[in-house]
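Inside the fold
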Amino acid sequence: MLSDMPLKPFIGIKKIWYGEVFTAAVTAATLKTWLESATEVKNSHLDTWSYTEDDPTYTDYINELTGGIYYRDVTAKGAKTIAFTMGEYELEDLVALRGGAKVGTDEGWGAPDQPTIMNMGVVGQTKTGNYIVFSNAAVIGKGDQQEKNIGLGVAAVAMDNPNEGVKSDYLFDGSKVEAAGG
């Protein structure tokens, strides 16, 4: 039976985390536990947070006699993307989100030799308390200039999760996550 209470809207962003790819179906309780081990993003530069979902790819079949569409075949889902720019970040964030390696112990960062896609779980909590979960995101980090600051730009695209029974993405009522046992 569906709940009589409507889901609060998913407005703005309050917190962002990244961490290991989810290996089991996500529930309120497993999300709460995952958040405890994930890395919290401490800075998202003003107005860089976004969530987008592309239109699916489809083919329309047209009745040549009437000119009307008689069948629509959806051939691919649209990509779902979370993007933001970290205005302040640590060397560990650069390595985790862009690849490459630290120089020395903490002297600097060296870029990877090849373009790098990092696979990880990415979660955003909205200002209204709800959660957006990408269980297996292809993450690409890059230098992103915002107001004369070179920030760490992050684009995370929800991918099929290689683990059986795990969806690519989830939306959760924040009050259920907070109330869940972990």
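Reference entry: report on the structure contained in this document. (Residues numbered from 1 in each chain as written. Predicted model: local features only at pLDDT ≥ 70, side-chain atom pairs only at ≥ 80, totals over all residues. Heavy atoms only, no water.)

On to the nonpolar core. Membership of the largest hydrophobic core comes to 21 residues, with the highest contact counts inside it found for F84, L97, V122, F134 and V139. Contributing elements (two or more residues each) for this core: β1 (15-19), β6 (80-86), α2 (91-98), β9 (118-125), β10 (131-146) and β11 (149-158). What L97 contacts, discounting residues up to four positions off in sequence, is Y18, M86, M118, M120, V139, I140, G141, L152 and V154. Counting residues in hydrophobic clusters, the runner-up holds 16 residues, among them W17, L31, F172 and V177. (Core = buried A, V, L, I, M, F, W, Y, C linked by side-chain atoms within 4.5 Å. Buried < 20%, exposed > 50% of the residue type's maximum accessible area, 1.4 Å probe, protein only. Helix = DSSP H or I, 4+ residues; strand = E, 2+ residues; numbered from the N terminus. Contact = heavy atoms within 4.5 Å.)

What follows covers the pairing of β11. Where β6 meets β11, six bridges bridge the pair, whose relative direction is antiparallel. Residue pairing in the sheet places F84 in a bridge with V154 of β11. Both β10 and β11 contribute to a ladder of 10 bridges, which runs antiparallel. By the bridge assignment, A137 is partnered in β11 with A158. In sequence, β10 turns back onto β11 through a hairpin of two residues, with E147 there showing a positive phi of about 50°. (Pairing = 2+ DSSP bridges.)

Right, let's get into the packing of aromatic side chains. Enumeration over the complete set of coordinates arrives at six aromatic pairs. Taken together, a centroid distance of 6.4 Å and an interplanar angle of 55° make the contact between Y61 and Y70 tilted. Site record: aromatic cluster; members linked through ring pairs are Y61, Y70 and Y71. Directly above the aromatic system of Y58 lies the positively charged group of R72, at a separation of 3.7 Å from the ring centroid. (Phe/Tyr/Trp six-rings, centres within 6.5 Å; stacked < 30°, edge-to-face > 60°. Lys NZ or Arg CZ within 6 Å of the ring centre and 35° of its normal.)

By volume, the largest pocket amounts to about 230 Å³. Of the residues in the lining of the largest pocket, the class split is five nonpolar, two polar and seven charged. A volume near 180 Å³ is recorded for the second largest pocket. What lines the second largest pocket is a set of 14 residues, among which I13, K14, S44, H45 and W49 lie closest to the centre. (1 Å grid on protein atoms, 1.4 Å probe; cavity = no way out; pocket = protein on both sides within 12 Å on 5 of 7 lines; lining within 4 Å. Points joined across faces, edges and corners; volume = space filled by probe spheres on them. Nonpolar A, V, L, I, M, F, W, Y, C, P; charged D, E, K, R; others polar.)

Another aspect to go through is a nonpolar patch on the surface. A surface patch of nonpolar side chains, about 360 Å² in accessible area, is lined by Y61, Y70 and Y71. For Y71, the location among the structural elements is in strand β5 (residues 69-76). Y71 sits in the partly exposed class, given a relative accessible area of 47%. (Patch = residues over 30% accessible without salt bridge, like charges linked within 9 Å, V, L, I, M, F, W, Y side chains within 5 Å. Areas by Shrake-Rupley, 256 points an atom, 1.4 Å probe, with all protein chains shown as cover. Salt bridge = Lys/Arg side-chain N within 4 Å of Asp/Glu carboxyl O.)

Next up on the list: unusual backbone geometry. Positive phi outside glycine occurs at D47, with the angle close to 65°. In this structure D47 comes out as exposed when scored by relative accessible area, which is 74%. Residues other than glycine seldom take positive phi values, yet E147 does so here, at roughly 50°. Within the secondary structure, E147 sits in the loop between β10 and β11.

Here we come to helix α1 (residues 28-37). Where α1 is concerned, the buried positions are A28, L31, W34 and L35. Here the buried residues of α1 occupy an arc of 120° about the axis, which is enough to place them on one side. The exposed residues of α1 that point more than 90 degrees off its buried face are E36 and S37. At its buried positions, α1 is contacted by β1, β9, β10, β12 (169-172) and α3 (174-179). (Arc of directions from axis to C-beta.)

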